[in-house]
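Coordinate inspection notes
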Amino acid sequence: MMFSHLEPYAGDPILSLNEAFHGDPRDHKVNLSIGIYFDDAGHIPVLACVREAEARMLAESGPKPYLPMEGSAAMRSAVQELLFGADHEALRSGRIATLQTVGSSGGLRVGADFIKRWLPASQVWVSDPTWDNHRAMFEGAGLTVHTYPYYDATRGGLRFEALREALARLPARSVVLLHACCHNPTGVDLTREQWRALVPVLRERELLPYLDLAYQGYGEGIEEDAFAVRELACAGLTFFVANSFSKSMSVYGERAGALSVVCGSAAEADLVLGQLKATVRRNYSSPALHAAGIVSRVLGDPALRAAWEADVAAMRDRITSMRRALHQALSATRPEHDFGYFLSQRGMFSYTGLSAPQVDRLREEFAVYLVRSGRICMAGLNTGNVERTAAAIAAVV
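The notes below deal with the structure included here. Computed from a predicted model, the values in this text were never measured in an experiment.

Focus: helix H12 (residues 302–333)
The end-to-end C-alpha distance of H12 is 47 Å, a good match for the 46 Å that 32 residues give at a rise of 1.5 Å each. The N-capping residue of H12, defined by a side-chain oxygen 3.0 Å from the backbone nitrogen of Ala 303, is Asp 301.

Brief notes about the pattern of salt bridges
Think of it this way: side chains of opposite charge can pair up when their charged atoms draw near. Using the criterion set out here, one finds 21 salt bridges in the structure. Note that Arg 95 is salt-bridged to Glu 89, the shortest N-O span being 2.8 Å. Classification of Arg 95 as buried rests on a relative accessible area of 8%. Salt-bridge contacts for Glu 364 lead to Arg 363; the nearest nitrogen and oxygen are separated by 3.5 Å. Given the relative accessible area of 54%, Glu 364 is considered exposed. The network of salt bridges with shared partners includes Glu 223, Arg 230, Arg 305 and Glu 309.

Regarding the nonpolar core
A general tendency of soluble globular proteins is for nonpolar side chains to be buried together. Grouped together as the largest cluster of nonpolar side chains are 107 residues, with contacts concentrated most on Leu 167, Phe 239, Phe 245, Met 249, Trp 308 and Leu 326. In terms of residue count, the dominant contributor to this core is H12 (nine residues). Apart from residues no more than four positions distant in its own chain, Leu 326 is found in contact with Phe 342, Ile 376, Met 378, Leu 381, Val 386, Ala 390 and Ile 393. With 29 residues, the next largest nonpolar core counts Val 124, Leu 143, Val 145 and Val 175 among its residues.

Quick notes on the pairing of strand S10 (residues 256–262)
Most of S10 is tucked away: seven of the seven residues are buried. Here S10 shows a buried face lined by Ala 256, Ala 258, Ser 260 and Val 262 and a second buried face lined by Gly 257, Leu 259 and Val 261. Relative to S10, strand S2 (residues 96–102) runs antiparallel, the two sharing seven bridges. Its bridge partner being in S10, Thr 98 is matched across the sheet by Ser 260.

Some points on the layout of surface pockets
Roughly 610 Å³ of volume is contained in the largest pocket. Within the residue set of the lining of the largest pocket, elements represented by two or more residues are helix H1 (13–23), helix H5 (103–118), helix H6 (132–140) and strand S8 (208–213). Tallying contributions element by element places H5 first for the lining of the largest pocket, with four residues. By residue class, the composition of the lining of the largest pocket is 13 nonpolar, eleven polar and six charged. Taken as a whole, the second largest pocket encloses approximately 490 Å³ of empty space. For the lining of the second largest pocket, the elements supplying multiple residues, two or more each, are H5, helix H8 (192–204) and helix H10 (266–281). In terms of residue count, H10 provides more of the lining of the second largest pocket than any other element does, four residues in total. Partitioning the lining of the second largest pocket into residue classes produces twelve nonpolar, two polar and four charged.

Section: the side chain of Thr 98
Along the polypeptide, Thr 98 turns up in strand S2. Here Thr 98 falls in the buried class, since its relative accessible area comes to 1%. In terms of polar contacts, Thr 98 uses its side chain to reach the side chain of Ser 260, at 2.9 Å. In contact with Thr 98, not counting residues within four places along its chain, are Glu 70, Arg 76, Val 79, Gln 80, Leu 259, Ser 260 and Leu 273.

A closer look at a nonpolar patch on the surface
On the surface, a cluster of nonpolar side chains totalling about 390 Å² of accessible area is made up of Met 2, Phe 3 and Leu 6. Mapped onto the secondary structure, Leu 6 falls in the segment before H1. Take Leu 6: its relative accessible area is 51%, and that puts it in the exposed class.

Section: the sheet that holds strand S9 (residues 239–244)
Strand order in the open sheet formed by seven strands is S2-S10-S9-S8-S7-S3-S4, with mixed pairing between adjacent strands. Edge positions in the sheet fall to S2 and strand S4 (145–149), since each of these pairs with one other strand and no more. Strand after strand, the sheet turns through a mean of 25° between neighbouring axes, direction not considered.

Comments concerning the state of the cysteines
As enumerated under the stated definition, the model contains zero disulfides in all. The thiol of Cys 181 is unpaired, and the distance to the nearest cysteine sulfur, on Cys 182, comes to 3.9 Å. By relative accessible area, which is 2% here, Cys 181 ends up buried. Here Cys 263 is not disulfide-linked; the sulfur of Cys 234 is the nearest cysteine sulfur, at 16 Å. Overall, the relative accessible area of 1% leaves Cys 263 in the buried class.

Quick word on the packing of helix H2 (residues 48–59) against H12
The contact between H2 and H12 brings their axes to 8 Å, and the two run at 150°. What the angle tells us is that H2 and H12 run roughly antiparallel. Across from Ala 48, Cys 49, Glu 52, Ala 53 and Arg 56 in H2, the residues of H12 making contact are Leu 304, Ala 307, Trp 308 and Asp 311. Split by residue class, the contact of H2 with H12 holds six nonpolar, no polar and three charged.

About the thresholds
- Residues numbered from 1 in each chain as written.
- Predicted model: local features only at pLDDT ≥ 70, side-chain atom pairs only at ≥ 80, totals over all residues.
- Heavy atoms only, no water.
- Helix = DSSP H or I, 4+ residues; strand = E, 2+ residues; numbered from the N terminus.
- Expected span 1.5 Å × (residues − 1).
- Polar contact = N/O pair within 3.5 Å; in protein donor to acceptor, adjacent residues only side chain to side chain.
- Salt bridge = Lys/Arg side-chain N within 4 Å of Asp/Glu carboxyl O.
- Buried < 20%, exposed > 50% of the residue type's maximum accessible area, 1.4 Å probe, protein only.
- Core = buried A, V, L, I, M, F, W, Y, C linked by side-chain atoms within 4.5 Å.
- Contact = heavy atoms within 4.5 Å.
- Pairing = 2+ DSSP bridges.
- 1 Å grid on protein atoms, 1.4 Å probe; cavity = no way out; pocket = protein on both sides within 12 Å on 5 of 7 lines; lining within 4 Å.
- Points joined across faces, edges and corners; volume = space filled by probe spheres on them.
- Nonpolar A, V, L, I, M, F, W, Y, C, P; charged D, E, K, R; others polar.
- Patch = residues over 30% accessible without salt bridge, like charges linked within 9 Å, V, L, I, M, F, W, Y side chains within 5 Å.
- Areas by Shrake-Rupley, 256 points an atom, 1.4 Å probe, with all protein chains shown as cover.
- Axes fitted to C-alpha atoms, helices over the stretch in contact; angles between N-to-C directions.
- Disulfide = S-S within 2.5 Å.
- Parallel < 35°, antiparallel > 145°, perpendicular 65-115°, else oblique.

Below is the structure:
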């Protein structure tokens with residue numbers, strides 16, 4: 001009876017909802033819960049560039065040793081150029097420490113453990129709302145987590161002035177979790193002007209930004225969605241950025257991610273990289289060889305890189321078309337409601353404004369699965385289910 005005192009695990013709300021969807025016998029069910037990109041046929045696509053990268057890896061097949069704690073040098077270099085640009089001063093001066101990680105989730109947690117070890121007095125602030133697992137990850141590392149104002153439910157937009165005022169009151173060395181683009185769960189992003197306005201606050205208050213970039217390419221484009229990363233680096237700030245290739249390369253189970261820390265000097269970056277490696281060694285020891293091979297080949301080969309960028313653009317355009325289709329159908333059915341937020345929000349997610357009881361009705365009566373916060377995964381919509389989804393939402397509003 002060693003473990004009889006354990007509390008039962010209630011399950012992750014999003015993953016549990018996804019499991020419930022798969023167990024639902026209704027043929028007309030619609031899965032708008034989990035953050036996975038599906039094509040118009042409802043399938044997870046296998047990108048041709050990824051398939052080609054894997055074919056080359058198979059042809060070159062040989063021993064499969066452990067990667068270093070920091071991961072593949074080729075992948076780390078490719079990630080730095082993708083995020084910052086090949087000619088960025090921070091890259092040329094060697095003041096960026098980059099790890100290959102077990103997805104961006106692994107990067108977030110490694111960074112959280114690092115902060116707890118080396119900045120133990122720092123506390124963390126996340127947006128209200130944010131991705132459910134953000135709080136759990138930082139609290140799991142022993143850090144105290146608070147929220148700052150973000151989403152304006154009355155108009156489906158951003159409370160920027162309240163956000164900026166809140167950050168201007170934080171203690172020095174506070175960690176501020178910011179979504180670089182395609183905010184999860186709301187789909188509401190800072191504009192470029194707002195990012196520029198935020199930089200002086202971050203600098204003057206000596207705050208430590210922690211950017212989460214899981215959806216690069218789903219907002220405006222691969223280069224455009226790196227704006228916040230490059231803006232903070234150009235401003236000379238020290239910050240973290242965790243990024244993922246799960247969505248953009250459709251390699252969810254490969255856990256292909258990275259963590260980069262922009263430092264004040266190359267010497268400081270060497271110290272940071274060393275302690276990040278020590279953090280990894282105490283956790284999973286080294287990252288995945290296969291994930292590194294996919295990412296480094298796709299990003300490092302000009303033809304594969306061009307094909308990947310075209311694929312990401314196609315995925316982004318399909319999500320945008322579903323936003324328009326859902327907005328059009330809802331507006332036609334319920335013209336007294338303003339559904340314009342579906343068009344102004346961007347990326348994989350939107351906040352619908354639906355209450356938990358309304359979400360429950362969608363699931364129970366119409367087999368349309370949403371997270372109880374009202375978050376909808378736009379990538380789960382397609383030409384075969386968008387009208388039915390709109391009718392269901394209209395029925396519960």
